[in-house]
Structures are given as structure tokens and as C-alpha cells.
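Structural features, examined
Spelled out, the chains give:
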Amino acid sequence: DSGVTQTPKHLITATGQRVTLRCSPRSGDLSVYWYQQSLDQGLQFLIQYYNGEERAKGNILERFSAQQFPDLHSELNLSSLELGDSALYFCASSVGGGVSYNEQFFGPGTRLTVL
Amino acid sequence: EDKVVQSPLSLVVHEGDTVTLNCSYEVTNFRSLLWYKQEKKAPTFLFMLTSSGIEKKSGRLSSILDKKELSSILNITATQTGDSAIYLCASPLLSNFGNEKLTFGTGTRLTIIP
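Let me begin by describing the structure that accompanies this report. (Residues numbered from 1 in each chain as written. Chains lettered and ligands numbered in written order. Predicted model: local features only at pLDDT ≥ 70, side-chain atom pairs only at ≥ 80, totals over all residues. Heavy atoms only, no water.)

**Looking at the interface of chain B and chain A**
Opposite the 21 residues of chain B that make contact, chain A presents 22 residues. Where chain B abuts chain A, roughly 1,900 Å² becomes buried across the two surfaces, and 59% of that area is made up of carbon and sulfur atoms. Taken together, the links from chain B to chain A amount to zero salt bridges. Counting across the chain B and chain A interface gives two residue pairs in polar contact (both at pLDDT 80 or more). Looking at the side of chain B that touches chain A, the elements that each hand over two or more residues are strand E4 (32–38), strand E5 (43–50), strand E9 (85–94) and strand E10 (100–104) of chain B. Of the residues belonging to the side of chain B that touches chain A, the class tally is 11 nonpolar, six polar and four charged. (Contact = heavy atoms within 4.5 Å. Buried area = accessible area lost by both parts, 1.4 Å probe. Salt bridge = Lys/Arg side-chain N within 4 Å of Asp/Glu carboxyl O. Polar contact = N/O pair within 3.5 Å; in protein donor to acceptor, adjacent residues only side chain to side chain. Helix = DSSP H or I, 4+ residues; strand = E, 2+ residues; numbered from the N terminus. Nonpolar A, V, L, I, M, F, W, Y, C, P; charged D, E, K, R; others polar.)

**Focus on the sheet that holds strand E3 (residues 19–24) of chain A**
All names here are of chain A. Strand order in the open sheet made by the four strands is E1-E3-E8-E7, with antiparallel pairing throughout. What marks the edges here is a single partner per strand, and that holds for strand E1 (5–7) and strand E7 (64–68). Averaged over all adjacent pairs, the angle separating strand axes in this sheet is 15 degrees, with direction ignored. Pairing between E7 and strand E8 (residues 74–78): five bridges, direction antiparallel. Of the residues in E8, the one forming a bridge with Phe 64 is Leu 78. (Pairing = 2+ DSSP bridges. Axes fitted to C-alpha atoms, helices over the stretch in contact; angles between N-to-C directions.)

**Observations concerning the side chain of Gln48(A)**
All names here are of chain A. Along the chain, Gln 48 falls in strand E5 (residues 42–50). Looking at Gln 48, the relative accessible area reads 1%, which means it is buried. A distance of 3.1 Å separates the side chain of Gln 48 from the side chain of Ser 31, its partner in a polar contact. Among the polar contacts made by the side chain of Gln 48, one reaches the main-chain carbonyl oxygen of Gly 97 at a distance of 2.8 Å. Excluding anything up to four places from it in sequence, Gln 48 contacts Ser 31, Val 32, Tyr 33, Glu 53, Glu 54, Arg 55, Ala 56, Gly 97 and Val 99. (Buried < 20%, exposed > 50% of the residue type's maximum accessible area, 1.4 Å probe, protein only.)

Right, here's the structure in full:
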């Protein structure tokens, strides 16, 4: 158990809908990262927040947005869902804001299925 | 283009064998390389290698960074069925937005046969 929690574990929804995924980082970690893992794309970085501020961006779609709250938990919002958004979404956390020397600890993931 | 490439894609060995997994990187301004193990769900952190820490060991697992060959290997000795997993290597790369992002290779799926 990494100490990172994610809810829900599974989510099934229809195309065009909007969902919110939630993540709580390990105690003491200030950075939260969001990743998408699909069979054909592997593990892809979406976005990072550090102490409430957006720190780094990957190839996150405009339909997706995230935020980190004062208690450091984070939410990833996915809207106008398409079939191709079906994937495993991971949250990770680390102590510092830099990527190079801070190991990231991953949550159990949320499996999103879009029908 | 910066990238992280792993080989082989898949490996099947018998329990007790020793395996070597490879990760090569082409990274501008290399800083670190990380290894993760992914079983059914979340990747779990194994090692971080940097220019000042090129060799790490934990039990039956060890990893070495070869800065000349721009590669890293992950060795697992006396393999057990619990070692069956996908092993991922990753390195921080510059994103299109000019910030660093952890970029993962496609992984090596290791299967240990009892």
C-alpha cells in the first residue's frame, strides 16, 4: 500500500458524460500527478500539481481538467467522454515538485469504462 | 526526439532462473532513471538511478546505469512466481510545454513459470 488513495475504483459511464476522479496523496507529499494508462498508449503523464498550483502539463486533452485543493487532495475532471477515454487513471504523489529526483508513489487507480 | 525504450517486450522463464531486463534512453540533459514494478494495478517504485548513484540493490533485485551506453539493466536473481509483473522504466523528459514529465517505456512483461 503506497499511501495514495483513489476513488472510485471503477466507473462505468456513457459517451458524452462527465466524471470526476479523486485522489488523496501520501501524508506529507505536496505533488500530485495524474496518468492515463491504456493498452495501446502505455502509461501517459497528464498533469502535475504542486501545493495547489499547476506545475507541469503532459498531453492532457482540453476536455480534461484537474485541480488540487488546500488539503492537497486532487480531482481530475473528464468531460464529453468518448469511447477512447476508457482507461486506467492513476494518481501519484511525491514530496517535492521536481520530477527528476523525487520518486513518485502510485495509487491503486480508477478504471474508467465509457460505453 | 527524447525517448525511453525497453526490451524485451515479453519474457517467460522458469522459477529460479536469473533475468535481465533492459532500458535504453535518449534524453537531453539526463537526470535520473527509475524502475517500477506493475502487478495487477499500481506501479510500485523499485529504484532510482542518477549520475551519482549508478548501482542499486535490494534483495534479489539490482539495477545498474550505464551512462556511456545510455542504458540501464534490471537484474532479478533466483526468480519466484511473485516476480511475475510488468517492469517499467522511466526518465524525466521535457514536455512540449517546456516542463519535465516522467516518461515511461512500454514495459517488459515478465512471466515466471513454477
